[in-house]
Amino acid sequence: MASDPATVDPGAPLLEVVDLVKHFPIKSGLLIDREVDQVRAVDGVSFTVNKGETLGLVGESGSGKSTTCRVVLQLLKPTSGSVKFEGREIAGLKRRDLRPLRREMQMIFQDPYASLNPRKRIGQIVGDQLKIQKVASGKELRVKVEGLLERVGLSPEHYNRFPHEFSGGQRQRIGIARALALGPKLVFCDEPVSALDVSIQAQIVNLLDDLQDEMGLTYVFVAHDIGVVRHISDRIAVMNNGKIVEAGDADQVCEHPRDDYTKKLLAAVPIPDPRESRARRERTGATG
Amino acid sequence: MSATPETAPVMPDAGGGPLLEVDGLRVGFATEDGRVQAVDGVDFQLEPGEVLAIVGESGSGKSVTAQTLIGLTRGPNSYIEGSVRLRGEELTSLSESQLQKVRGSQIAMIFQDPMTSMNPVFTVGTQIIEAIRAHDRSSSRKESRARAVELLEAVGIPDADRRVDAYPHEFSGGMRQRAMIAMGLALEPSVLIADEPTTALDVTIQAQILHLIQDLNRSRGLATILITHDLGVVAEVADRVLVMYGGKVVERGTLEDIFYDPQHPYTWGLLGSLTRLDQPRPHRLPQISGAPPSLLNLPKGCAFRTRCPHEFGKCTEVPGLDARLPGDPNHRDRCWLTPEQKKTLRDVEGRIGLEAPHG
Amino acid sequence: MLRFLIRRVLGAIAVIFAISVLVFLIFNVVPATNPAQRIAGKNATPELIKQVEHQWGFDQSLPAQYWTQMKLIFTGEVTSYQSSINVDQRIAEGIPATASLCIGAAVIWLAFGFLFGYLSAVRAGGWLDRGLTVLALIGISMPVFWLASLLLYYFTYKIEVFPASGYKSLSEPIEWAKHLILPWISLAVLFAGFYSRVLRSSMLDVMNEDYVRTARAKGLSQRRVMTKHVLRNSLIPVITLFGLDFGVLIGGGAIVTETLFNIEGVGLFTAEALQTQDFPSIMTVTLFGAFFIVLFNILVDIAYAYLDPRIRLGTSAA
């Protein structure tokens, strides 16, 4: 399979990120571009993800949470730092060497409307990876894809349909089926429910939960909605300005935040209970 | 154009009646796939200083309702029926140019995405000045500019005198939404319609904008219609709530009614699927099965029927929006279940939720 | 902005250089006929050809030949192999005619393109829009040579209202206009049709933007929304097209029109140069054309910056 068994350390966490840095240079100059400044999108981030658990990554826009995902997945080249998957360093690997890793790590995107090619049929979208990685073809491929569609709550008859025929929630299910096609160990979920209707969000969160139990998946769940992150995560890391400001057990972070930014973030989340929310407003003193 | 034939005399203040009164509002659009009834019977009244929340998902008709109030959905392919009265003056029968005088000056509207809701090629100041001068021709450019600066200050934009000449892209999302609100307030309207005003914003910014809207609402007596899908936002600011589904109002009541004594199963589902930070997390998020229906193909009878675990024979008939609780004429819902049944059915492990009956 | 301009000008020089090298190589590495033979005449002796080769520098190395050629072009001394006329001078003489033709036609096609495009967009789906659509499609699909022939037939032969051909200098403005009106129309119709379609679709896109809804919500009149908010944001595609089209035409691209109406402009000269495969003429005309195309591209970019502050003020890392 992907990694040489000799280098796999059984005791190591599934994913270990140490001091990850991603700077985007700002270039300027009259004739020749010089780097005048940089955006420190990810500025020294370290975390580990153990097999079978869910790490939640919360933060506001610009906090660097999505960039962190992309850098860990090596979709963006890190400026510095180490990313170990099953104990094996993957930061700085060449494209070709990364290819087997794509079977182990997958990503689910935010926008179920933009992330599916509108000209491809569902069967193709879900099966493409299997074909590219030469896992299955022909009849076997079809059976496999239909199984996946069923597994994510769609019907095998959807195989020949196009993305536009589906609702937002169904499209996100297609995105999940595509991510799971190769049987990855680690799945990055980048705001997977934030573009969906409220009544659909819970369905997708529950589906992700079920899939984790059945397939022994490990998630890194990135979102701005702390409520959802807390629900699905075992541990939470709060990001602000490219750094992790606080990390710990999900309930612990939400109920007893230590960092000021985390406190501010939690205090801003509306409480969907008029009496509670009024009580909190009175506690904190009218307007914020 | 509007379907209401009679033209009401233009009366600035009929006195006594509500500030804004909507009666039997229906909005349909002709599409290639047939006529879509986006809004199918909405009634409400709005008093000065009140925040009315209209809650719903995509396709519920909440945004179309809001836009129809100021005639933004008028067009060759739309059919508008019913009545919208502002201080007794019928708006649906006004001509486009008469309606222009109402828009912005009496009813202002702000939209979901502050990133795209301001014209990128004009400065923020120009756009506010333009709003002022569209209604107040006597206001000179200089006076309008001073007013714009004042407004930006009022909504909490620091260094307003300088920022008034900045372009929208030089503002952050939260600042842009503040500028949008400033623009909305320019002519001291009596009604503000806020269509998902915080959905595109970060939570910390959302809290600030909600507080700003609340402040304006209290200090200026500004009647506010808040369109949102987020019950958390509703709990923070609303006085009364309309819950919409499939183009119809399925429940309406006070904030307390909706949160503590909800009558419609869809409301239960929405409340149940909320993630609460102030409570221990449930093992599984309570969910509503299925997806919001397509307006082209609504189920016969109650539109929520196909997703409702408590459906029974009578649900193929459309229930009226009636007061079903004794002694509470203003809390209305569209569900055939009796209040007693509802009380037991909505109780899921001590919380309000939508769950299939056991066994 | 200054930084941007300097970069664009340097880029433009590089492009023109690359084009000149390419044209030079095509003519020298893939030779059709020996230019010396042509100059010396049909019955020239080998000695005479040798002499001509030496005199014109054909026996030098390619870089040296290139250098000589460029020097001649840019000092205004380049001579045609064919007729021994000064090419630079010939082009310079053609500029007033070509400029008159192109500027006049551009005014017409922009006026009609904008008018029809605007009306189509405002009345999208209505009968006016449909009528204008048909009109625009006719304009686009009518070949220039055919339209020109029709105009010539009806307006100079059937009813002799306009002179058939030639160009009169601007010192006689009435004659000037009379001679140009038919060429203007034949050149402008295609572009007018095309531009009206581009403007229409661009405006319809912009009309769906959120800020247009905002503009309506604050009580602006429909006309003000259209002219101020929609039109300005719809200009970019039209300006892009105009920069390219006008650059090509003024750089000698109005070949068909100039030929049919016998206007002694750059286009007609280009046609002659191509027919006789006269290398110095083709080289000079190509550089002349490239210069205008590159120039108008830069002007288009400046226009973008003027129209859109996000470009002007530079939104690097947001």
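1. Some thoughts on the overall build of chain A
Phase 1: The number of helices and strands found in chain A is ten helices and ten strands.
Phase 2: For 288 residues, the compact-globule formula gives about 19 Å, and the C-alpha radius of gyration of chain A, at 20 Å, lands near that figure.
Phase 3: Its C-alpha atoms put chain A at 65 × 55 × 50 Å along the principal axes.
Phase 4: Among the 288 residues that make up chain A, the fraction classed as buried is 51%.
Phase 5: Here the analysis covers contacts within chain A between residues at least 6 apart in sequence; of these, 66% occur between residues at least 24 apart.
Phase 6: By element, 48% of the accessible surface of chain A is carried by carbon and sulfur atoms, the whole surface being about 13100 Å².
Phase 7: Both charge centroids of chain A, one from 41 positive and one from 39 negative side chains, sit 7 Å from each other.

2. Thoughts on the interface of chain C and chain B
Phase 1: Taken together, the contact between chain C and chain B spans 23 residues of the former and 30 residues of the latter.
Phase 2: Summing both sides of the interface, chain C and chain B together bury roughly 2300 Å²; the carbon and sulfur share of this comes to 56%.
Phase 3: By the criterion of area lost to chain B, the three top residues of chain C are Arg213, Arg216 and Lys218 of chain C, representing 27% of everything that side buries.
Phase 4: Linking chain C to chain B there are four salt bridges.
Phase 5: With a closest N to O distance of 3.4 Å, Lys228 of chain C and Glu130 of chain B form a salt bridge.
Phase 6: Counting the contacts that link chain C with chain B gives eleven residue pairs in polar contact (both at pLDDT 80 or more).
Phase 7: When the residues that make up the side of chain C that touches chain B are grouped by side-chain class, the tally is six nonpolar, seven polar and ten charged.

3. Points about the pattern of salt bridges
Residue and element names in this part refer to chain B.
Phase 1: Summed over all chains, the structure comprises 51 salt bridges over all chains.
Phase 2: Where Lys248 meets Asp40, a salt bridge forms, and the shortest distance between an N and an O atom there is 2.8 Å. Of the two residues, Lys248 sits in strand E10 (residues 248–254) while Asp40 sits in strand E2 (residues 34–46), which places them 208 residues apart along the sequence. For the pair shown, Lys248 and Asp40 are each scored as buried.
Phase 3: Beyond isolated ion pairs, a larger network of salt bridges with shared partners links Arg26, Arg35, Asp40, Glu81 and Lys248.

4. Here's the deal with the nonpolar core
A general tendency of soluble globular proteins is for nonpolar side chains to be buried together.
Phase 1: Membership of the largest hydrophobic core comes to 105 residues, with the highest contact counts inside it found for Phe44, Ile193 and Ile225 of chain B.
Phase 2: Not counting residues within four places of it along the chain, the set of residues in contact with Ile193 of chain B comprises Ala66, Leu69, Ile70, Ile107, Ala108, Met109, Ile110, Ile225 and Ile227 of chain B.
Phase 3: Core analysis: the next-biggest nonpolar cluster, separate from the first, contains 72 residues, Ile16, Trp109, Leu152 and Met283 of chain C among them.

5. Some words on unusual backbone geometry
What you tend to see is this: most non-glycine residues have negative phi, and most peptide bonds are trans.
Phase 1: Even without a glycine there, the phi angle at Asn241 of chain A is positive, about 50 degrees.
Phase 2: With respect to the helices, strands and loops of the structure, Asn241 of chain A is situated in the loop between strand E9 (235–240) and strand E10 (243–249).
Phase 3: We classify Asn241 of chain A as exposed; its relative accessible area is 57%.
Phase 4: Its identity is not glycine, yet Asp159 of chain B carries a phi of approximately 60 degrees, on the positive side.
Phase 5: By the element assignment, Asp159 of chain B lies in the loop between helix H4 (141–154) and helix H5 (160–163).

6. Focus on a nonpolar patch on the surface
Residue and element names in this part refer to chain C.
Phase 1: A contiguous nonpolar surface patch, about 1100 Å² in accessible area, is contributed by Phe145, Trp146, Leu150, Tyr153, Tyr154, Phe155, Tyr157, Ile159, Val161, Val256 and Leu260.
Phase 2: Those elements that provide at least two residues to the nonpolar patch are helix H7 (144–158) and helix H11 (255–260).
Phase 3: Ranked by the residues each element gives to the nonpolar patch, the list is headed by H7, at seven residues.
Phase 4: Locating Phe155 in the fold gives a position in helix H7.
Phase 5: Its relative accessible area of 31% is what places Phe155 among the partly exposed residues.

7. Considering the packing of aromatic side chains
Phase 1: Considering all chains together, one arrives at 18 aromatic pairs over all chains under this definition.
Phase 2: With 4.5 Å between their ring centres and 55 degrees between their planes, Tyr245 of chain B and Tyr266 of chain B make a pair best called tilted. You can see Tyr245 of chain B sitting in strand E9 (residues 240–245) and its partner Tyr266 of chain B sitting in helix H10 (residues 265–272), a full 21 residues away along the chain. The exposure classification of Tyr245 of chain B matches that of Tyr266 of chain B, with both residues buried.
Phase 3: Through a chain of ring-to-ring contacts, three or more aromatic side chains come together here, namely Trp109, Phe191, Tyr195, Phe242, Phe246 and Phe296 of chain C.

Definitions and cut-offs
- Residue positions are counted from 1 within each chain, in the order its sequence is given.
- Naming scheme: in the order in which they are written, chains are lettered from A and ligands are numbered from 1.
- Owing to the predicted nature of the model, reporting of local features is limited to residues with pLDDT of at least 70; listing and counting of side-chain atom pairs is limited to 80 or more, with chain, interface and lining totals taken over all residues.
- Computation of side-chain values: all heavy atoms of the structure, hydrogens and water removed.
- The secondary structure listing takes helices from DSSP runs of H or I that are at least 4 residues long and strands from runs of E that are at least 2 residues long, numbered from the N terminus.
- Atoms counted for the radius of gyration: C-alpha only. Globule rule: 2.2 Å times the number of residues to the power 0.38.
- Relative accessibility decides the category of a residue: with a 1.4 Å probe and only protein chains considered, values under 20% of the type maximum give buried, values over 50% give exposed, and everything between is partly exposed.
- In what follows, residue pairs with any heavy atoms lying within 4.5 Å of each other are defined as contacts.
- Per-residue and other accessible areas were derived by the Shrake-Rupley procedure at a 1.4 Å probe size, with only the shown protein chains allowed to occlude residues.
- In this charge count, Lys and Arg are treated as positive and Asp and Glu as negative; neither His nor the chain ends contribute.
- Note that the charge is assigned to NZ on lysines, CZ on arginines, CG on aspartates and CD on glutamates.
- A simple way to read buried area is as the amount of 1.4 Å-probe accessible surface that goes missing from two parts once joined, with both sides added.
- In what follows, salt bridge is the name for a side-chain nitrogen of Lys or Arg lying within 4 Å of a carboxyl oxygen of Asp or Glu.
- Pairs of N or O atoms are called polar contacts if they sit within 3.5 Å, as long as, within protein, a hydrogen donor faces a hydrogen acceptor (for residues adjacent in sequence, only side-chain-to-side-chain pairs).
- Any residue outside Ala, Val, Leu, Ile, Met, Phe, Trp, Tyr, Cys, Pro, Asp, Glu, Lys and Arg is labelled polar, Gly included; the first ten of those are nonpolar and the last four are charged.
- Nine residue types can take part in a nonpolar core, namely buried Ala, Val, Leu, Ile, Met, Phe, Trp, Tyr and Cys, and a core is a set of them joined through side-chain atoms within 4.5 Å.
- Excluding any residue in a salt bridge, patches collect residues exceeding 30% relative accessible area, merging like charges within 9 Å and nonpolar Val, Leu, Ile, Met, Phe, Trp and Tyr side chains within 5 Å.
- Whether two aromatic rings pair depends on their centres lying within 6.5 Å, for rings of Phe, Tyr and Trp, where Trp uses its six-membered ring; planes under 30 degrees apart make the pair stacked, over 60 edge-to-face, and the rest tilted.

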